[in-house]
Amino acid sequence: MSETLDLIHIRRHLHQIPELALHETQTAAYLRQVIETMPQQWLTIHHIPSLPTALMVKVQGSKPQRCIGYRTDIDALPVTEATGLPYASTNPGRMHACGHDIHMTVALGVLNYFANHQPKDDLLFFFQPAEENDNGGKLAVEAGAFTGEWRPDEFYGLHVNPELPAGVIGCRNGTLFAGTTEINVDFVGKGGHAAYPHLANDMVVACASFIMQAQTVVSRSVDPIEGGVVTFGKLNAGSIRNVIAGRARLEGTIRGLTQTMIEHIDQRLQAIANGIATSFECEVNVELNQGGYLPVENDPQLTIPFIQFMKNAPDVDFVETAPAMTGEDFGYMLHQFPGTMFWLGVDGHAPLHSAKMTPDESAISKGVTAITEFLEDRMSRE
């Protein structure tokens, strides 16, 4: 068996078969196919019965003193690709627009290295479904996936960043990604004829008032040094222009760099909703934490040495990055296990989640080199 993998070919194949959260059957099958081409002497492959598209691979260490976890996400987004690439998505309305195809390929490259060069410590590779939706990391923890011999002592993971040059590693101690709360707000009043507004209770107006007041939460109730985000991206109300809507529904997201900040914003929005209900004599029902993610807070005891290594490694270009308001369900994992998440630059010409997201594939080999060298160094230390 060859010690090398054609990582570009693997990435392009994964890019062609994107699948949504908890439906990554084709992806999981291909991942296993690639893993089974590697030397199996030190590998153990494990499946989670209640999470069938998840894949766990353990590499037995020669003199293990710890188990080091490495996680990659495997799901895609409901985006219609517009890159025009010859290896574009073949699944209509599905695309790896968040770079998970790069994530998986890098993980396979690192796994292949240690399948050919037995590590000192045990290594656990977790190919995780449902990062974009449905909290795949949380589902795995709740299913008991990380217990007994499968429990890692620490966890690492990366996310691509099209704003950084290809192959650059970016990280920071503390919060890297914001936490999120998904929010739904339902307004219930009374519909009626557009010509007789006094006989109805217009929920478009009530909803509009709520939206305008919600904009004051970040601007007037949040410390500007800490920051936060309240975005409502979806509004449904009414069915025709000459009928007053008796119902309206808002769907949005709340983001903050600490869980305390998120909870503060949650409380302010609930208070505004209560005021709207009173002033408009209607029902306003607020649902919070629907798919919300905890902040990605890097553990200082692991992250400071990680940053020092990346700064000093001759094969690595490193930058210290500011926190980002993007959400990542690796935050849940880091609330269960100490660990570090970091950026891998891919120098894209379009942002994450864009239909034209085109990462620079040269980042793959650079990422594999940086991570394998770091893990070797980590295993040499107490």
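Residues numbered from 1 in each chain as written. Predicted model: local features only at pLDDT ≥ 70, side-chain atom pairs only at ≥ 80, totals over all residues. Heavy atoms only, no water.

As annotated in an unreviewed UniProt entry, the protein chain is N-acetyldiaminopimelate deacetylase from Furfurilactobacillus milii. A UniProt comment under Pathway (unreviewed entry) is attached to the protein chain, and it reads "Amino-acid biosynthesis; L-lysine biosynthesis via DAP pathway; LL-2,6-diaminopimelate from (S)-tetrahydrodipicolinate (acetylase route): step 3/3." Here the protein chain is described in UniProt, under the heading Catalytic activity (unreviewed entry), as follows: "N-acetyl-(2S,6S)-2,6-diaminopimelate + H2O = (2S,6S)-2,6-diaminopimelate + acetate". (UniProt positions renumbered as here; feature names shortened; annotations may be inferred.)

(A) Representation of the UniProt feature "domain: Peptidase M20 dimerisation" (unreviewed entry) in the protein chain within the structure. Summarizing the sequence annotation, UniProt attributes the feature "domain: Peptidase M20 dimerisation" (unreviewed entry) to residues 181–274 in the numbering used throughout. The straight-line gap between the two end C-alpha atoms of residues 181–274 is 19 Å; of that span, 37% is helix and 34% is strand. (Helix = DSSP H or I, 4+ residues; strand = E, 2+ residues; numbered from the N terminus.)

(B) Geometry of the sheet that holds strand S3 (residues 67–73). The strand order S1-S2-S4-S3-S5-S16-S6-S15 describes an open sheet built from eight strands, whose pairing is mixed. The outermost strands of the open sheet, each flanked by one partner alone, are strand S1 (43–48) and strand S15 (318–320). With strand direction ignored, the average angle separating the axes of adjacent strands in the sheet is 25°. Pairing of S3 with strand S4 (residues 122–128), which is carried by seven bridges, proceeds in the parallel orientation. By the bridge assignment, Ile68 is partnered in S4 with Leu123. Helix-sheet contacts for helix H2 (residues 25–35) involve S1, strand S2 (51–59) and S4, and the interaxial angle to S2 is about 20°. (Pairing = 2+ DSSP bridges. Axes fitted to C-alpha atoms, helices over the stretch in contact; angles between N-to-C directions. Contact = heavy atoms within 4.5 Å.)

(C) Looking closely at the pattern of salt bridges. For the coordinates displayed, the defined rule picks out 15 salt bridges. The residue Glu361 makes a salt bridge to Arg12 at a minimum N-O spacing of 2.9 Å. One end of the pair, Glu361, is in the loop between strand S16 (339–345) and helix H9 (362–380); the other, Arg12, is in helix H1 (residues 7–16), and 349 residues separate them in sequence. The buried category is assigned to Glu361, whose relative accessible area is 12%. Here Arg12 falls in the partly exposed class, since its relative accessible area comes to 33%. (Salt bridge = Lys/Arg side-chain N within 4 Å of Asp/Glu carboxyl O. Buried < 20%, exposed > 50% of the residue type's maximum accessible area, 1.4 Å probe, protein only.)

(D) Here's a closer look at the pairing of S16. Counting buried positions along S16 gives seven out of seven residues, so the element sits mostly inside the fold. As paired elements, strand S6 (residues 169–171) and S16 share two bridges and run antiparallel to each other. Across the sheet, Gly170 pairs through a bridge with Trp343, a residue of S16.

(E) Quick look at the UniProt feature "binding site: Mn(2+)" (unreviewed entry) in the protein chain. The positions that UniProt labels "binding site: Mn(2+)" (unreviewed entry) are, in the present scheme, Cys98, His100, Glu132, His159 and His353. Spatial clustering of the annotated residues is evident: they stretch over 256 residues in sequence, but the largest pairwise C-alpha distance comes to 12.7 Å. With respect to the helices, strands and loops of the structure, His100 is situated in helix H3 (residues 100–116). The class for His100 is buried, based on a relative accessible area of 1%. Filtering out sequence-adjacent residues up to four positions away, His100 remains in contact with Asp73, Ile74, Asp75, Glu131 and Glu132. A distance of 3.2 Å separates a polar atom in the side chain of His100 from a polar atom in the side chain of Asp73. Following the sequence through the fold, His159 ends up in strand S5 (residues 154–161). Excluding anything up to four places from it in sequence, His159 contacts Cys98, His103, Phe177, Glu328, Phe342, Trp343, Leu344 and Leu352. (Polar contact = N/O pair within 3.5 Å; in protein donor to acceptor, adjacent residues only side chain to side chain.)

(F) Seen up close, the domain arrangement of the protein chain. The assigned domain composition of the protein chain is domain 1 (7–177 + 295–380) and domain 2 (179–289). For domain 1 and domain 2, the distance between their C-alpha centres works out to 36 Å. The interface is formed by eight residues belonging to domain 1 together with 11 residues belonging to domain 2. Together domain 1 and domain 2 conceal approximately 660 Å² of surface at their shared face, both sides included; 70% is due to carbon and sulfur atoms. Across the contact surface, domain 1 and domain 2 share zero salt bridges. A per-class count over the side of domain 1 that touches domain 2 returns five nonpolar, three polar and no charged. (Domains from an automatic or database assignment. Buried area = accessible area lost by both parts, 1.4 Å probe. Nonpolar A, V, L, I, M, F, W, Y, C, P; charged D, E, K, R; others polar.)

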